[in-house]
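Fold and geometry: a report
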Amino acid sequence: MTNEQELLDLRYANLVEDLQAGRQEELRRVYDAYRTPFLRWAMSRFQIQKEDALEVFQDVILAFYENVMNGKIDSLSSKLQTYLFGIGRFMLIKRFKANERSTSLELLPADTANALVEADVPQMEISERSVMVQQALQRLGTSCRDLLLAVYYHQYSGEVIAERLGYKNPDVVKSQKARCMKQLRDMMTRDFSREDL
Amino acid sequence: MTDPHDSLFQLLDKQASSQDLSASEQQELDQLMKDPEVQKLAAQHAEIREGIVAQGRANLRASMAQWEQASQQTTPGARVIPFRTIGMALVAAAAAVALLFLLIRPSDQGPSRELMAELSQPYPNVLMPMERGESSSSLIQRGFEAYENGDFAAALSLFSQTDSLSSDLDFYRANAHLGLGQWQEAEALFSTVAQSSSRFGQQAEWYQAMALWHQGRYDEATTMIEQIANTPDHEMHKRAKRWGKGGKG
């Protein structure tokens, strides 16, 4: 790892807290900072096209974000670059195993192996039912949709949601969430019933 | 109106979000889940959660697609840099450096003008090599892009806008000063880098000697070059030896 990258990592000392507080612009900073180094590394290491490398990089960012938000990462014990490239390598091996130039870790920092944890890579497959839920979500009002995404995808705390979405307090968030979920459940029940017919 | 199954959903949410259920909560959930109807509701709840997560991912992917587009729009000239353009820029930069050396170097000391120009070429960018056709989104990346194009003034300006304190980046700042013929600034920075833990510490020693030479501080420069020439495993040993062979004095 270059000193420059170490420096970039230092700038992200509060990244986990920032993201959990809803400052998604920080994720873009990470994206911009590591995009080119990752693409360069992935393209040369796995002999793949830029489009493929970019797709994997975006999956890496997504996995990183979700792991931060669901509490799997409560602080960046390893360097950010190490973590991102570790997850990336895991994904690349799954997709382009035959292309890899070497199976050794010599091009990665020493502690990268610690980041190669399958549990850190979310399952991205989308079921048919998920598609139906997504369609139902589109029919919900914006406020309910935003709230459910904030609760179940971003996993923001009640305080953060109240502040960002303009609810009076976390208790209101909680009750509003229950109402929105009920609406969505009713929609889904109707949709599933129609499907069964 | 509250849903009669609210407590069930709350327990399921808590369980799904990697939070530990207390013993009593786990017991309550286990009890509830004995009911087949509750099991169906729990399965549906899990499907809905999964669908919301899928939508969240889709939204995030859409954001990343926008970031890609935005970075392409903000750096319109950075999309594709033809090698020919870079080559011409490098030749122009080399010529400018050579000309500056020609004007300043005393005629009766050191190696030939050609060798001098060659040995004093700013160090190539190995810290953050730019990929051709790649967008350069960060200030540092854009700085290195300018550096590679021989636009040292722009490189310096961009490097200065970063809040980086990296001694590796200082090495390239110093090189940019060198490329602009700003010998004092270059020498001061090279000196700092040479004393730091930078990976370019030894290279900085060489370039510090070059900058000293151009300020007319020949004795100091010669001493440094001789020390490098007498250190076989020094990164710039070969250059120092070539200097010695090409020198007249």
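Residues numbered from 1 in each chain as written. Chains lettered and ligands numbered in written order. Predicted model: local features only at pLDDT ≥ 70, side-chain atom pairs only at ≥ 80, totals over all residues. Heavy atoms only, no water.

Observations concerning the overall build of chain B
Quick reminder of the rule: Here a strand is any run of E in DSSP of at least two residues, a helix any run of H or I of at least four, and the numbering for each starts at the N terminus. Under the scheme applied here, a residue whose accessible area is under 20% of the maximum for its type counts as buried, over 50% as exposed, and between as partly exposed, the area being computed with a 1.4 Å probe on protein chains only. It only takes one pair of heavy atoms within 4.5 Å for two residues to be counted as in contact. The accessible surface values rely on the Shrake-Rupley method and a 1.4 Å probe; as for residues, cover is taken only from the protein chains in view.
Counting secondary structure elements, chain B contains 12 helices and zero strands. Out of the 249 residues in chain B, the part that is buried amounts to 49%. Taking the intrachain contacts of chain B between residues at least 6 apart in sequence as the baseline, contacts between residues at least 24 apart amount to 56%. Counting only carbon and sulfur atoms, one obtains 53% of the accessible surface of chain B, whose full area is about 12,400 Å².

Observations concerning the pattern of salt bridges
We count it as follows: Just to be clear on terms, a salt bridge is a Lys or Arg side-chain nitrogen sitting within 4 Å of an Asp or Glu carboxyl oxygen.
Applying the stated criterion across every chain, the model contains 16 salt bridges over all chains. The closest approach of N and O atoms between Arg199(B) and Asp168(B), which form a salt bridge, is 3.6 Å. Note that Arg199(B) is positioned in the loop between α9 (183-194) and α10 (201-214) and Asp168(B) in helix α8 (residues 167-179), a separation of 31 residues in sequence. Residue class for Asp168(B) comes out buried when judged on its relative accessible area of 0%. Through salt bridges with shared partners, a single ionic network connects Lys177(A), Asp13(B) and Arg49(B).

Concerning the nonpolar core
This is how the line gets drawn: Among buried residues, those of type Ala, Val, Leu, Ile, Met, Phe, Trp, Tyr and Cys that are joined through side-chain atoms within 4.5 Å constitute a nonpolar core.
Phe38(A), Phe64(A), Leu92(A), Leu148(A), Leu184(A) and Ile52(B) are the most contacted members of the largest nonpolar core, which has 64 residues in total. Per-element tally for this core: the top contributor is helix α4 (residues 50-69) of chain A, with 12 residues. Each residue touching Leu148(A), except ones within four places of it in the same chain, is listed here: Leu137(A), Leu140(A), Tyr153(A), Lys177(A), Cys180(A), Met181(A), Leu184(A) and Ile52(B). In this structure, Met116(B), Leu127(B), Phe159(B) and Ala221(B) belong to the second largest nonpolar core, which totals 45 residues.

A word on α9(B)
Applicable threshold: Here a helix's expected span is defined as the number of its residues, less one, multiplied by 1.5 Å.
Across its 12 residues, α9(B) extends 16 Å between first and last C-alpha, which sits within 8% of the 16 Å expected from 1.5 Å per residue. Those residues of α9(B) not exposed but buried are Trp183(B), Ala186(B), Glu187(B), Leu189(B), Phe190(B), Ser191(B), Val193(B) and Ala194(B).

So, the state of the cysteines
Residue and element names in this part refer to chain A. So the rule is basically this: We call a pair of cysteine sulfur atoms a disulfide when they lie within 2.5 Å.
Per the counting criterion, the structure on display carries one disulfide over all chains. Between the sulfur atoms of Cys-144 and its disulfide mate Cys-180 the distance is 2.0 Å. Taking the sign of the S-S torsion, -80° for the link of Cys-144 and Cys-180, the bridge is left-handed. One end of the pair, Cys-144, is in helix α7 (residues 142-153); the other, Cys-180, is in helix α9 (residues 170-196), and 36 residues separate them in sequence. Cys-180 carries the same exposure label as Cys-144, and that label is buried.

Notes on the packing of aromatic side chains
The following threshold applies: Each pair of aromatic rings taken from Phe, Tyr and Trp, with Trp reduced to its six-membered ring, is defined by centres within 6.5 Å and is described as stacked if the planes are under 30 degrees apart, edge-to-face if over 60, and tilted in the remaining cases.
The final tally for this structure, using the stated rule, is 26 aromatic pairs over all chains. On the numbers, 5.1 Å between centres and 55° between planes, the contact of Tyr31(A) with Phe57(A) is tilted. Of this pair, Tyr31(A) sits in helix α3 (residues 25-46) while Phe57(A) sits in helix α4, and the two are 26 residues apart along the sequence. There is no split in this pair, since Tyr31(A) and Phe57(A) are both buried. Judged by centre distance (6.1 Å) and plane angle (65°), the rings of Phe171(B) and Tyr207(B) are edge-to-face. In this pair, Phe171(B) is assigned in helix α8 and Tyr207(B) in helix α10, connecting sequence segments 36 residues apart. One exposure class covers both Phe171(B) and Tyr207(B), and it is buried.

Some thoughts on the packing of helix α6 (residues 139-148) of chain B against α8(B)
All names here are of chain B. What counts is decided by this rule: Only the contacting stretch of a helix is used when fitting its axis, a line to C-alpha atoms as for every element, and angles between N-to-C directions run 0 to 180 degrees. A crossing counts as left-handed when the near helix is turned anticlockwise from the far one by less than a right angle, and as right-handed when that turn is clockwise. Amino acids outside the nonpolar list (Ala, Val, Leu, Ile, Met, Phe, Trp, Tyr, Cys, Pro) and the charged list (Asp, Glu, Lys, Arg) are all regarded as polar, and Gly is one of them.
For the pair α6 and α8, the least separation of the axes is 12 Å and the interaxial angle reads 35°. Relative to α8, α6 is oriented so that their crossing is left-handed. Residues Ile-140, Phe-144 and Tyr-147 of α6 form the contact with α8, whose own contacting residues are Leu-169, Tyr-172, Asn-175 and Ala-176. Looking at the contact of α6 with α8 residue by residue, the class counts come to six nonpolar, one polar and no charged.

What to know about α4(A)
Residues and elements named next belong to chain A. If you check α4, its first and last C-alpha atoms are 28 Å apart, about what 20 residues at 1.5 Å a residue would give, namely 28 Å. Burial within α4 is extensive, with 16 of its 20 residues counted as buried. Taken from the residues just after α4, Gly-71 is the one with a positive phi, measuring 85°.

Quick word on unusual backbone geometry
All names here are of chain A. The phi dihedral of Gln-47 is positive, around 55°, even though this residue is not glycine. Its place among the elements puts Gln-47 in the loop between α3 and α4. Given the relative accessible area of 46%, Gln-47 is considered partly exposed. The backbone of Gln-155 shows a phi angle near 55°, a positive value even though the residue is not glycine. Considering the arrangement of structural elements, one finds Gln-155 in the loop between α7 and α8 (158-165). Given the relative accessible area of 26%, Gln-155 is considered partly exposed.

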